[in-house]
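Architecture at a glance
Chain residues, written in single-letter form:
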Amino acid sequence: MIRLDNINLTFPGFAIKNIDLTIREKDFFALIGPTGSGKSVILEIIMGLIPFSSGRLLFNGKDMGQTPVEKRHLALVYQDFALFPHLSVAHNILYGIRYHGIKKNEGHKRLDDLANTLGLKRILDRKPHNLSGGEKQRVALARALILNPAVLLLDEPLSALDPEFHGEAKNLLKQIHQDMGMTIVMVSHNFGDVMYLANRGAVIHQGRIRQTGDITTLFEKPDSLFTARFVGMKNIMPARVLQGNVRIEGSDAVIETSMVPDIDQGYMGIRPEEIILLSQKADTAENCANRFCGTITRVASQGMFVEVHVQSGSLNFEAAWPRRYLRDFQIASGRDATIAFSPQSVHIFQD
Ligand SMILES: Nc1ncnc2c1ncn2[C@@H]1O[C@H](COP(=O)(O)OP(=O)(O)OP(=O)(O)O)[C@@H](O)[C@H]1O
């Protein structure tokens, strides 16, 4: 278990403030947050590359503040993989073993095993400039894994890969996590990757932790306006809640929420994919407490889905629907639509 206990660090123009974080054994822990929020700095503090000014860093209860990098049993894989260009794949992978006191024979045995597991056998003699992005990533992972780290730290490990390799590499990380029973801490900007891979995580903003917990909780139940916006919550409106009824400022509408307790000044948010379109055939209508008739005011393609805005009285809802709805339900600006969402989809949070 890794514990960051009230860690602080100040750079000119940027500070890490009161970081309290627990990463449990076998967690796949994601650090997410806007660019420049301090995610990589936190990874480097754990690794031992940046000294912090106050607080404690504990591994299994043991203070690691003064422990040098090579004695921490960690390995860090960078976004650009940072391979040595003049060394072959095999020598890149073997590079760290002598600094970690691993005997040559043992190192070669591990190299053999990893080359098999990660499919690197036929490229062991090649130099990094001859490798594809996916191959470079596997070499960087092998170079980290050969040290048998207790924890693998990954700084945006998938962002340099094109879509063809992305899916493959994502599955490989999942496999490493499951098969090797490893604790992994990953910085990522890709919510799809985070939701697929991580079980827990933290949202970082301006050097502080804004929310930490289960990945699904972070995405579905953000506890602040900042986290809600950051994780893609939409339909955010100033609201008050009384006994499960949400009143939106400037509207007569009453929206049911399953969230308690009462809040006098807060916000409502609904993920756009939680808003459903009620076609005439839809029998789900009766089950939907929150039902609004309105006019479609905007339809915008977002790649695999369409963003659709529906104006109902003074409320404007944003929904995300599959592209085929354009054809199946003749979704278009100016047409009428009835939308609905369940009380469980109506989230309430404060600033
Ligand atoms: N060694 C350093 N000395 C001074 N400032 C630094 C140092 N390392 C990082 N910073 C600053 O700390 C801030 C946070 O950087 P960091 O790389 O942790 O952000 P990040 O959240 O990982 O961003 P991104 O998602 O863009 O990678 C930045 O303003 C950066 O310039």
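Here the structure is a predicted model, which means the values were calculated and not measured.

What about the overall build of the protein chain?
In terms of helices and strands, the protein chain carries nine helices and 20 strands. Judged by the C-alpha coordinates and their principal axes, the protein chain covers about 75 × 45 × 35 Å. Each of the 351 residues in the protein chain was classed as buried or not, and the buried ones make up 34%. Residue pairs at least 24 apart in sequence account for 65% of intrachain contacts in the protein chain once pairs closer than 6 positions are excluded.

Section: the nonpolar core
Side chains of nonpolar character tend, in soluble globular proteins, to be buried together. One finds L31, I42, I46, L153 and V185 to be the most contacted residues of the largest nonpolar core, which totals 88 residues. Counting residues per element, this core draws most heavily on helix α4 (residues 133-145), at six residues. Shared between two domains, this core holds at least three residues of each, these being domain 1 (2-220) and domain 2 (273-342). Here V185 is in contact with I23, F29, L31, L43, I46, V151 and L153, once residues within four sequence places are set aside.

So, the packing of α4 against helix α5 (residues 163-179)
Working note: a packed helix pair is described by the angle between its axes plus the distance between those axes. At a minimum axis distance of 9 Å, the contact between α4 and α5 shows a crossing angle of 25 degrees. Here α4 is positioned roughly parallel relative to α5, judged by the angle of their axes. Seen from above, α4 lies across α5 with right-handed handedness. Contact residues: α4 offers G133, G134 and Q137, while α5 offers F165, E168 and A169. Looking at the contact of α4 with α5, its residues break down into two nonpolar, three polar and one charged.

So, the UniProt feature "domain: ABC transporter" (unreviewed entry) in the protein chain
Under the UniProt annotation, "domain: ABC transporter" (unreviewed entry) lies at residues 2-231. Structurally, residues 2-231 comprises 34% helix and 26% strand, and the distance from its first C-alpha atom to its last is 25 Å.

Points about the sheet that holds strand β13 (residues 254-256)
Across a sheet, paired strands are connected by hydrogen bonds in the backbone, their directions being either parallel or antiparallel. The antiparallel open sheet is built from five strands, whose spatial order is β13-β12-β11-β14-β20. Bordering the open sheet on either side are β13 and β20 (347-349), each of which pairs with just one other strand. Strand after strand, the sheet turns through a mean of 45 degrees between neighbouring axes, direction not considered. Pairing between strand β11 (residues 234-242) and strand β14 (residues 263-270): five bridges, direction antiparallel.

Details of helix α1 (residues 39-47)
When we look at burial in α1, the residues that qualify are K39, V41, I42, L43, I45 and I46. The first or second residue beyond α1 is G48, which carries a positive phi of 100 degrees.

Let's talk about the sheet that holds strand β6 (residues 74-77)
In spatial order, the strands read β6-β7-β8-β3-β9-β10; together these six strands make up an open sheet with mixed pairing. Here the strands that pair on one side only, and so sit at the sheet edges, are β6 and β10 (208-214). Pairwise comparison of adjacent strand axes, ignoring direction, gives a mean angle of 15 degrees for this sheet.

About the thresholds
Here the residue numbers are simple positions, counted from 1 along each chain's written sequence. With pLDDT at 70 or above as the cut-off, local features in this predicted model cover only qualifying residues; side-chain atom pairs require 80 or more to be listed or tallied, and sums for whole chains, interfaces and linings still use all residues. Helix and strand definitions follow DSSP, with helices as H or I runs of at least four residues and strands as E runs of at least two, each counted in order from the N terminus. In this scheme the burial state of a residue depends on its C-beta neighbours within 10 Å: 20 or more other such atoms mean buried, 12 or fewer mean exposed, and anything in between means partly exposed; the C-beta positions come from the backbone. A pair of residues counts as a contact when their C-beta atoms, built from backbone coordinates, are separated by no more than 7 Å. Nonpolar core, as used here: buried Ala, Val, Leu, Ile, Met, Phe, Trp, Tyr and Cys residues forming one set through C-beta atoms within 7 Å. Domain extents, as shown, originate in an automatic or database domain assignment. Helix axes use the C-alpha atoms of the stretch in contact, all axes being lines fitted to C-alpha atoms, and the angles between their N-to-C directions lie in the range 0 to 180 degrees. Under this scheme an angle from 65 to 115 degrees is roughly perpendicular, one under 35 degrees roughly parallel, and one over 145 degrees roughly antiparallel; angles in between are oblique. Definitions for this section: a left-handed crossing has its near helix turned counterclockwise from the far helix by less than a right angle. A right-handed crossing has that turn clockwise. Any residue outside Ala, Val, Leu, Ile, Met, Phe, Trp, Tyr, Cys, Pro, Asp, Glu, Lys and Arg is labelled polar, Gly included; the first ten of those are nonpolar and the last four are charged. UniProt positions are given in the numbering used here, feature names are shortened, and annotations may be inferred rather than shown by experiment. Strand pairing is defined by DSSP finding a minimum of two bridges between the two strands.

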